[in-house]
Each structure stands twice: as C-alpha cells, then as structure tokens.
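# Fold and contact review
Chain by chain, the residues run as shown.
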Amino acid sequence: MKLISISFLFKLLILQYISIQCLSEDFDFFYFVQQWPGAYCDTKQSCCYPKTGKPAADFGIHGLWPNYNDGSWPSNCDPDSTFDKSQISDLMKNMEQNWPSLSCPSSNGFRFWSHEWEKHGTCAESELDQREYFETALKLKEKVNLLQILKNAGIEPNDEFYSIENVSEAIKEATGFAPGLECNRDSARNSQIYQVYMCVDTSGSSFIECPLLPKSRCGDQVQFPKF
C-alpha cells in the first residue's frame, strides 16, 4: 500500500510539472504591433472612440505577441491567469493614451487589454508577469516613435499615397531593423498603412531582426489616411 501511494504521488508531481511547463510555454520572440487609427476606422467595421474621447493622431499599441520561429504562435496558455486591472492602476493614463481601444461599442479599454493579456500575455508568463507585460509594451512604444520616424522621411498622415518600399526603408533606417507592414483596404479599395510589426527578444527589452515577417497584403503605393 505504501509503495502504491509513493508511485501515485510521483505520477501526480510529474503531471503538475507538465501542466506548469505547458502554462509557461517557451517562445522564440515577440511581435510588437502598433496600429494606425485612421486605417482602423476606415474599414467596414468602422470604429468607436474610447469613453475618454478621441485618441491622439498617433500609432497605438495593438499588442505584444509571443511567436515561434516557424511562424506559429501560442495562445491562451493559462486560463487561470485573468486580467487584473489593479496590477496596472498606476499605468492607466499611459495605457489610455498609448494603448487605446477603437472597437465598438465604446469602452474604457479593459475588454481590449483583457483580451491581449489572456490570449497573448499568458503565453509569456515565463518571462513577464502581468504588470511587466503591459509596462514592457509601453516602454517599447517609447523607444520607437513610428509617426515621428515617418514624418522625418516626409511621409505624413494626409491621405496621400507613398511607396511601400519608402515606408519600410524609413522605419528600417531609423530603428536598424526591417518592419513587417500590414495594410487594409478602404471602401474605395485603397491600400492603407494599418499595422507595423517589429520583433523583440524574449525578455521584451531589445528590438531584433525578425526571424520572419508576416505576409504583406500591401500594394506598391499605400495611403496614409488622416485621423
């Protein structure tokens, strides 16, 4: 009986270890994704401004997403780790300014941030706890001021069209790394600058060359819409 109990406990410990390993899944790098609100709002789904009012005409954070080198990614890794706004209470003003929600109906951002933490953040818990996850994304945005980078290259959000190659080159020249660019199509089928992907190491502290970039659906000429 004693031997059976020891064997059972050993198996239980193994199962717990496997469970913890699954929840703290390893990954190879982060995609740090910023989106242009003018393009987000100029789609069929439209947009709703946050309850705090219209965001600034600036790129906003979409998320910090763990990824694998083969192009796949983990998601929803820890169902027990739910979003806790009290952990980021002192970051709230920064979050509202730099990580606004544009989805409808109008919200205070909690639904958006909760989704990002539970789908993506929980897969990086081996590196960053909940507070560190959001704080890291905010610090990355401080490091890369995309709007200023593009303006310095003469690329303005004025509804004009620009070469996608020039957009990519401007970001690469300023940061040292090639970005991934994602575009949307407005009702007139114009290709618009929508999201910019930069790659970050697993600690969340340094930008790196992307092991692979998301497939671009951008045209050769892209519109930079007003917001």
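First things first, this report covers the structure right here in the doc. Every residue gets a number counted from 1 within its own chain, in the order that chain's sequence is written. The predicted origin of the model limits local features to residues at a pLDDT of at least 70 and limits the giving and counting of side-chain atom pairs to 80 or more, whereas totals for whole chains, interfaces and linings rest on all residues. Working from all heavy atoms in the structure, the side-chain values ignore hydrogens and water.

Patches draw on residues past 30% relative accessible area with no salt bridge. Two like charges within 9 Å are joined, as are two nonpolar side chains (Val, Leu, Ile, Met, Phe, Trp, Tyr) within 5 Å. To measure how exposed things are, a 1.4 Å probe is used in the Shrake-Rupley method; for residues, cover is taken only from the protein chains shown. Salt bridges are identified by distance alone: a Lys or Arg side-chain nitrogen within 4 Å of an Asp or Glu carboxyl oxygen. When charges are counted, Lys and Arg contribute as positive and Asp and Glu as negative, whereas His and the chain ends are disregarded. Charge positions are represented by NZ for Lys, CZ for Arg, CG for Asp and CD for Glu. Taken together, Asp26, Asp28, Asp70 and Glu127 make up a surface patch of like negative charges. Looking at where Asp26 falls in the secondary structure, it is placed in the loop between helix 1 (2-23) and strand 1 (29-35). Burial status follows relative accessibility: with a 1.4 Å probe on protein chains alone, a residue under 20% of its type maximum counts as buried, one over 50% as exposed, and anything between as partly exposed. The exposure class of Asp26 is exposed, given its relative accessible area of 58%. Counting from the N terminus, the helices are DSSP H or I runs at least four residues long and the strands are E runs at least two residues long.

It is worth spelling out the packing of aromatic side chains at this point. For any pair of aromatic rings, geometry is given as the distance between the ring centres together with the angle between the planes. Think of it this way: a Phe, Tyr or Trp ring, Trp meaning its six-membered ring, pairs with another when their centres are within 6.5 Å, and the plane angle makes it stacked under 30 degrees, edge-to-face over 60, tilted otherwise. Enumeration according to the criterion identifies 17 aromatic pairs in this entry. Clustering of aromatic rings is evident, with ring pairs tying together Phe83, Trp99, Phe110, Trp113, Trp117, Tyr133 and Phe134.

A few words on unusual backbone geometry. With glycine set apart, most residues show a phi of negative sign, and most peptide bonds adopt trans. A cis geometry characterises the amide bond from Cys104 onward to Pro105, with omega recorded as 0 degrees. Tracing the chain through its elements places Pro105 in the loop between helix 3 (92-98) and helix 4 (110-119). With a phi close to 75 degrees, Asp159 is a non-glycine residue in the positive phi region. Counting through the fold element by element, Asp159 comes out in the loop between helix 6 (146-152) and strand 3 (161-163). Using a relative accessible area of 34% as the deciding quantity, one classes Asp159 as partly exposed.

Once that is clear, we can look at the pairing of strand 5 (residues 191-200). Burial analysis of strand 5 places ten of its ten residues in the buried class, the great majority of the element. Strand direction decides the pairing type here: strand 1 and strand 5, joined by six bridges, are antiparallel. Bridged to Tyr31 within strand 5 is Cys199. Only strands joined by at least two bridges in the DSSP assignment are considered to pair. Summarising the sheet, strand 4 (residues 180-185) and strand 5 pair through six bridges and their orientation is antiparallel.

All right, on to the nonpolar core then. Soluble globular proteins: nonpolar side chains tend toward being buried together. To qualify as a nonpolar core, a set must consist of buried Ala, Val, Leu, Ile, Met, Phe, Trp, Tyr and Cys residues joined through side-chain atoms within 4.5 Å. If you look at the biggest cluster of nonpolar residues, it comprises 51 residues, and the most contacted ones within it are Phe59, Trp99, Trp113, Phe134, Val167, Ile171 and Phe224. Formed by seven residues, the second largest nonpolar core is a distinct cluster that contains Phe29, Tyr31, Cys199 and Cys210.

A separate point is the pairing of strand 2 (residues 60-67). Across the eight residues that make up strand 2, a large majority, eight, are buried. In terms of strand pairing, strand 1 meets strand 2 through seven bridges, oriented antiparallel. Bridging from a neighbouring strand, Phe30 pairs with Pro66 of strand 2.

We call a pair of cysteine sulfur atoms a disulfide whenever their separation is within 2.5 Å. A complete count under the given rule lists five disulfides for this structure. Linked covalently through their sulfurs, Cys48 and Cys104 form a disulfide whose S-S length is 2.0 Å. Its S-S torsion of about 100 degrees marks the bond between Cys48 and Cys104 as right-handed, since a negative value means left-handed. Of this pair, Cys48 sits in the loop between helix 2 (37-41) and strand 2 while Cys104 sits in the loop between helix 3 and helix 4, placing them 56 residues apart in sequence. Cys48 gets classed as partly exposed once you look at its relative accessible area, which sits at 21%. A sulfur-sulfur separation of 2.0 Å characterises the disulfide bridge that pairs Cys199 with Cys210. Taking the torsion about the S-S bond as the criterion, the Cys199 to Cys210 disulfide, at about 105 degrees, is right-handed. Taken together, the residues span a long stretch of sequence, with Cys199 in strand 5 and Cys210 in the loop between strand 6 (207-208) and strand 7 (221-223) at a distance of eleven residues. Take Cys210: its relative accessible area is 13%, and that puts it in the buried class.

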